[in-house]
Amino acid sequence: MATLKPIWLSLSDLSARLRESRTLYLACDYDGTLTPIAEAPEKARLPVRARKLMERVTSRHDVRLAVLSGRKLDDLQRQIGVNGAFLAGGSGLETARPDGTREVHVTPEQSLPTELRSQLEAWCQRFQGSWVEDKQVSFALHYRAVAPDLQPAFGAGVRRRVRPFKSQSKLVHGKRVFELMPAVSWDKAAAVGHWLGDGPIDGTLLYFGDDTNDEPVYEVVRERGGIAVAVGRTVSRAEYVIPSAEEVLWFLEWLEREWEARPVPLEQPAAVREMQNA
């Protein structure tokens, strides 16, 4: 990991890159990125400005939009309320293509053990303010409302109970939440790869995320020649940083204006492309 560069200080470089691009690939995490973190997931609301921006960009033929989240896919679809975007819920375990086609990337045999869930539910009952959120393919242990002096003990107990099931589960520590997922290779990074496909990217790719489970995505994005932006983090595998979800929205609106104003690159004749690729 390295120290991050402020994205606001790199606008001229990014603008020049956009002018050479035929397609804009824009991907974002949801909570903490498109909308500020709320005390409880059901209290989070997508700003009207963000929804209107997504409606505009998904109506364009030269922009592809993806939103990825730890939320259940059904919940994410309700929160976004926009057609034409690729969506990934359950930290990538559930995906929906822009045409509405849905996929689940974990089999029933790979599901989390019922015994583990029972143990963690019992553990949460011992700590006022903690609770289990059922995401069908995974679940989360929220402890934002637990007394600060009890939070270390809560986390230690969670890790101790998960340890015997490490071959069947993986634990990701986020912002006052533990995400418990099946021990499969599929995650948000795999979902981004699924969205992009195997072919070359004919434009500019950007990803914005704010949490631990976004770190693998940054690596994939940078390997594909894209721009990885961490929201509110000081050290990360991303290359750039932006301070907050509020500033993400400001930046996306700038990005939309720059994309609209750029001169569209001319399509090269086939003979020229063949000479360049020879």
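Below you will find a few notes about this structure. Everything quoted here is computed from the prediction, not taken from an experiment.

With that settled, the discussion passes to the sheet that holds strand 7 (residues 102–104). Strands sit in the order 2-15-13-12-3-4-5-6-7 across an open sheet of nine strands; the sheet is mixed. Across the chains shown, the open sheet's two edge strands, defined by having one partner strand only, are strand 2 (5–6) and strand 7. Here six bridges tie strand 3 (residues 23–29) to strand 12 (residues 203–209), and the two strands are oriented parallel to one another. Following the sheet pairing, C28 is matched in strand 12 by F208. Sitting on the sheet, helix 3 (residues 73–80) is in contact with strand 4 (63–68), strand 5 (86–89), strand 6 (94–96) and strand 7, with an inclination near 135° to strand 5. Against the sheet, helix 6 (residues 188–196) touches strand 3, strand 4, strand 5, strand 6, strand 7 and strand 12, its axis set at about 160° to strand 4.

Before going further, it helps to spend a moment on the side chain of D211. Among the structural elements, D211 can be located in the loop between strand 12 and helix 7 (215–223). The buried charged residue D211 lacks any salt bridge, with R233 as its nearest oppositely charged partner at 4.5 Å. Reaching out from D211, the side chain makes a polar contact with the backbone nitrogen of K175 at a distance of 3.5 Å. In contact with D211, other than residues within four places in its own chain, are G174, K175 and R233.

This part takes up a positive patch on the surface. There is a patch of like positive charges on the surface, built from R126, R160, R163 and K166. Relative to the elements of secondary structure, K166 occurs in the loop between helix 5 (151–162) and strand 10 (169–173). A relative accessible area of 66% means that K166 is categorised as exposed.

The subject of this paragraph is the nonpolar core. Within the largest apolar cluster, 37 residues are counted, with the highest numbers of intra-cluster contacts made by I80, L206, F208, L252 and L255. Examining the composition of this core, we find that seven residues originate from one element, helix 8 (residues 245–261), more than from any other. Setting aside chain neighbours within four positions, we find L252 in contact with L26, C28, L34, L53 and F208. L4, L196, Y218 and V221 belong to the second-largest nonpolar core, a separate cluster that totals 21 residues.

Attention shifts here to the environment of G203. Relative to the helices and strands, G203 is located in strand 12. Considered as a pair, G203 and V63 are 140 residues apart in the sequence and their alpha carbons are 9.6 Å apart. Apart from residues lying up to four places away in sequence, G203 is in contact with S21, R22, T23 and Y25.

Turning next to the packing of aromatic side chains. All chains considered together, the criterion is met by eleven aromatic pairs. On the basis of an interplanar angle of 45° and a centroid distance of 6.4 Å, the ring pair of F154 and F178 is categorised as tilted. In this pair, F154 sits in helix 5 while F178 sits in strand 11 (residues 177–182), placing the two residues 24 residues apart along the sequence. Overall, F154 belongs to the buried group, its relative accessible area being 0%. With a centroid separation of 5.4 Å and an interplanar angle of 40°, the aromatic rings of F251 and W254 are classed as tilted. Highlighted residues: F251 and W254, both in helix 8, separated by three residues, approximately one helical turn. A relative accessible area of 12% means that W254 is categorised as buried. Taking the ring centre of W123 as reference, the NZ or CZ of R160 above it sits at 6.0 Å. Over the ring of W123 we find R161; its NZ or CZ atom is 3.8 Å from the centre of that ring.

Bringing the environment of I227 into the picture now. With respect to the helices and strands, the residue I227 is situated in strand 13 (residues 227–231). Overall, I227 belongs to the buried group, its relative accessible area being 6%. For the pair I227 and S59, spaced 168 residues apart in the sequence, the C-alpha separation amounts to 23 Å. If near-sequence neighbours (up to four positions away) are discounted, I227 is found in contact with L14, R17, T204, L205, L206, Y207, V221 and Y240.

Position of Y207 relative to the elements: it lies in strand 12. Since its relative accessible area comes to 0%, Y207 is described here as buried. Y207 sits 147 residues away from R60 along the chain, and the two C-alpha atoms are 19 Å apart. Residues within four places of Y207 in sequence aside, it is in contact with A27, C28, D29, L68, K188, D214, V217, Y218, V221, I227, A228 and V229.

Let's shift gears to the pattern of salt bridges. Within this structure, the stated rule accounts for 18 salt bridges. Ionic pairing is found between K5 and E239, a salt bridge with its closest N-O pair at 2.9 Å. Note that K5 is positioned in strand 2 and E239 in the loop between strand 14 (235–236) and strand 15 (240–242), a separation of 234 residues in sequence. Where D75 meets R71, a salt bridge forms, and the shortest distance between an N and an O atom there is 2.7 Å. Take R71: its relative accessible area is 3%, and that puts it in the buried class. Here the salt bridges do not stand alone but share partners, grouping R60, D62, E260 and R262 into one network.

Cut-offs used in this document
Residues numbered from 1 in each chain as written. Predicted model: local features only at pLDDT ≥ 70, side-chain atom pairs only at ≥ 80, totals over all residues. Heavy atoms only, no water. Pairing = 2+ DSSP bridges. Helix = DSSP H or I, 4+ residues; strand = E, 2+ residues; numbered from the N terminus. Contact = heavy atoms within 4.5 Å. Axes fitted to C-alpha atoms, helices over the stretch in contact; angles between N-to-C directions. Buried < 20%, exposed > 50% of the residue type's maximum accessible area, 1.4 Å probe, protein only. Lys, Arg positive; Asp, Glu negative; His and termini not counted. Salt bridge = Lys/Arg side-chain N within 4 Å of Asp/Glu carboxyl O. Polar contact = N/O pair within 3.5 Å; in protein donor to acceptor, adjacent residues only side chain to side chain. Patch = residues over 30% accessible without salt bridge, like charges linked within 9 Å, V, L, I, M, F, W, Y side chains within 5 Å. Areas by Shrake-Rupley, 256 points an atom, 1.4 Å probe, with all protein chains shown as cover. Charge placed at Lys NZ, Arg CZ, Asp CG, Glu CD. Core = buried A, V, L, I, M, F, W, Y, C linked by side-chain atoms within 4.5 Å. Phe/Tyr/Trp six-rings, centres within 6.5 Å; stacked < 30°, edge-to-face > 60°. Lys NZ or Arg CZ within 6 Å of the ring centre and 35° of its normal.

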